[in-house]
Amino acid sequence: MDKIKIGVLGATGVVGQNYVRLLINHPWFEIVDVAASPRSAGKTYIEAVKKKWQMIVPIPEKVKSLLVRDVQDFNSLNPEVSFVFSAMDLPNKDDTRKLEFIYASKGIPVVSNSSANRRIVDVPMLIPEINHKHVDVIPIQQKNRGIENGGFVAVKPNCSLQSYMTPLYALEQAGYKIDKVIITTLQATSGAGYPGVPSLDLVDNIIPYISGEEAKSEEEPLKILGKIGEKGIENYKDIQISTTCTRVPVVDGHTASVNVKFKDKVPTREEILKIWNDFKSLPQELNLPFAPKQPIIYIDNEDRPQPRKDRDNDKGMAVTVGRLRKDNVFDWKFVSLSHNTIRGAAGGGILNAELLKAKEFF
Ligand code: NAP
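Note that the structure is predicted; figures quoted are calculated from it, not measured. Starting afresh in each chain, residues are numbered from 1 along the sequence in its written order. Residue-level local features of this predicted model are given only where pLDDT is at least 70; pairs of side-chain atoms are given and counted only at 80 or more, and the full residue set underlies all totals for whole chains, interfaces and linings. To get the side-chain values, take all heavy atoms of the structure and skip hydrogens and water.

A. Examining helix α1 (residues 14-22) more closely. The cut-offs for exposure are 20% and 50% of the maximum accessible area for each residue type, with area from a 1.4 Å probe on protein chains only; residues under the lower value are buried, those over the upper are exposed, and the others partly exposed. Starting at the N terminus, helices and strands are each numbered in turn, a helix being any DSSP run of H or I of at least four residues and a strand any DSSP run of E of at least two. Within α1, seven of the nine residues are buried, which leaves it mostly tucked inside the rest of the structure. Where α1 is concerned, the buried positions are Val14, Gly16, Gln17, Asn18, Tyr19, Val20 and Leu22. Residue contacts are defined here by distance: any two heavy atoms, one from each residue, within 4.5 Å place the two residues in contact. On its buried face, α1 is in contact with β1 (4-9), β2 (29-36), α2 (45-49), α3 (61-64), β4 (83-86) and α14 (342-358).

B. A look at the site of the ligand. Throughout this document, a residue counts as near a molecule or strand when at least one of its heavy atoms sits within 4 Å of that molecule or strand. In the neighbourhood of the ligand, 28 residues make up the surrounding shell, with Thr12, Ser37, Arg39, Ser40 and Lys52 lying closest. In the model, an oxygen atom of the ligand is placed 2.5 Å from a nitrogen or oxygen of the Lys52 side chain. Identification of polar contacts relies on pairs of N or O atoms within 3.5 Å, with a donor-acceptor requirement for protein atoms, meaning one able to donate a hydrogen and the other able to accept it, and with residues adjacent in sequence counted only if both atoms are side-chain atoms. Within the contact set of the ligand, an oxygen atom lies 3.5 Å away from a backbone nitrogen or oxygen of Gly193. Looking at the shell around the ligand, the elements that each hand over two or more residues are α1 and α14. Its residues assigned to classes, the shell around the ligand comprises twelve nonpolar, 13 polar and three charged. Each of domain 1 (4-159 + 346-358) and domain 2 (161-339) accounts for three or more of the residues forming the shell around the ligand. Think of it as three bins: nonpolar holds Ala, Val, Leu, Ile, Met, Phe, Trp, Tyr, Cys and Pro, charged holds Asp, Glu, Lys and Arg, and polar takes everything else, Gly as well. These domain boundaries are the output of an automatic or database domain assignment.

C. Main features of the sheet that holds β1. If DSSP finds at least two bridges between two strands, the strands pair. Strand order in the open sheet formed by six strands is β3-β2-β1-β4-β5-β6, with parallel pairing between adjacent strands. At either margin of the open sheet sits one strand with a lone partner, and together these are β3 (68-70) and β6 (153-155). Each adjacent strand pair in this sheet contributes to an overall mean axis angle of 30 degrees, direction not counted. Examined bridge by bridge, β1 and β4 share four bridges and lie parallel to one another. Each residue of the ladder has a partner; that of Ile6, found in β4, is Phe83. Simply put, an axis is a line fit to the C-alpha atoms, just over the touching stretch for a helix, and the angle between two N-to-C directions goes from 0 to 180 degrees. Sitting on the sheet, helix α4 (residues 93-105) is in contact with β1, β3, β4, β5 (110-112) and β6, with an inclination near 155 degrees to β5.

Take a look at the structure:
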């Protein structure tokens, strides 16, 4: 099959570079358009990223010589582009929200990593293993906005919650309704983009604050677990979540310490491990190229998961869990980990695009 031609908005940043790296040999998608700020526009991709290429692989040959376009410049957009990944970080979220919808209005679907459109009720916020059914809100979005040429915006949620949402959802889905969760995240430096947190702030240190992150990690799960109503997605209200988000001197891999209280039935340790071990969903059934074979991997060693050893499990797309133990205040507690720039960003975006392609949205 001919590969689908795609573009990356914000292709020069940390997430954009991950898209470029992860899509090198993608069986369905091929990058033909790269865009970023006016600072990079007009340069070749290699020139634009030469001082800030963060990947451990060289810049792919096919992308090196592409001319970087200003994200606002539609005249230079390659007409072959069928959809774009958005990894741009404009100074103002309103501008990002509007710009993503300008692409959609021109018939170009957008799969976004930005938080700008996450709270919008007719925009699906997808973790395909959990809420793949939320793609059904796209026709509502198109109708609400008079988009008749196939364009739409779909987003992926914040990277902080990727590690704990799938293990919690698997338990909910198995009939063990969750009442309360308290979470402390230990988030990697790459989550702040490039150049990110100054080294003198972070080396030999932990920063117990990430602007806006706690609100996102408490609110976004409610939309992910929500149902589609008339106007869009209606948030799930039946769970209380409290988070503390911290930045730690780890390059990649967000860890979370999670304490869970169930509503009535409390699963046994054996039941929890079996639920996690057996958990599979539509991406696995459809055998999507970026779907992890085993979405939740439990490691029994008492000192795991660890970012350096476990973040790359199943090419960075699996969630690794460990340290399941009884909680003296709630019911159970565990530690979970996911790769923030892969599962939590570019890899998660690619899996969303694969799901949307498989569901024939483009
Ligand atoms: P980053 O490294 O700072 O990259 C930002 C990108 O946005 C660059 O391509 C940059 O282009 C472009 N940009 C900045 N100002 C712009 C402007 N005025 N007009 C057009 N483009 C502009 O950030 P990142 O970590 O890749 O994050 C990108 C997005 O993904 C953000 O919305 C972030 O919140 C989200 N996200 C990040 C992660 C993560 O783990 N890093 C995870 C999930 C979601 P230039 O190079 O030309 O400046």
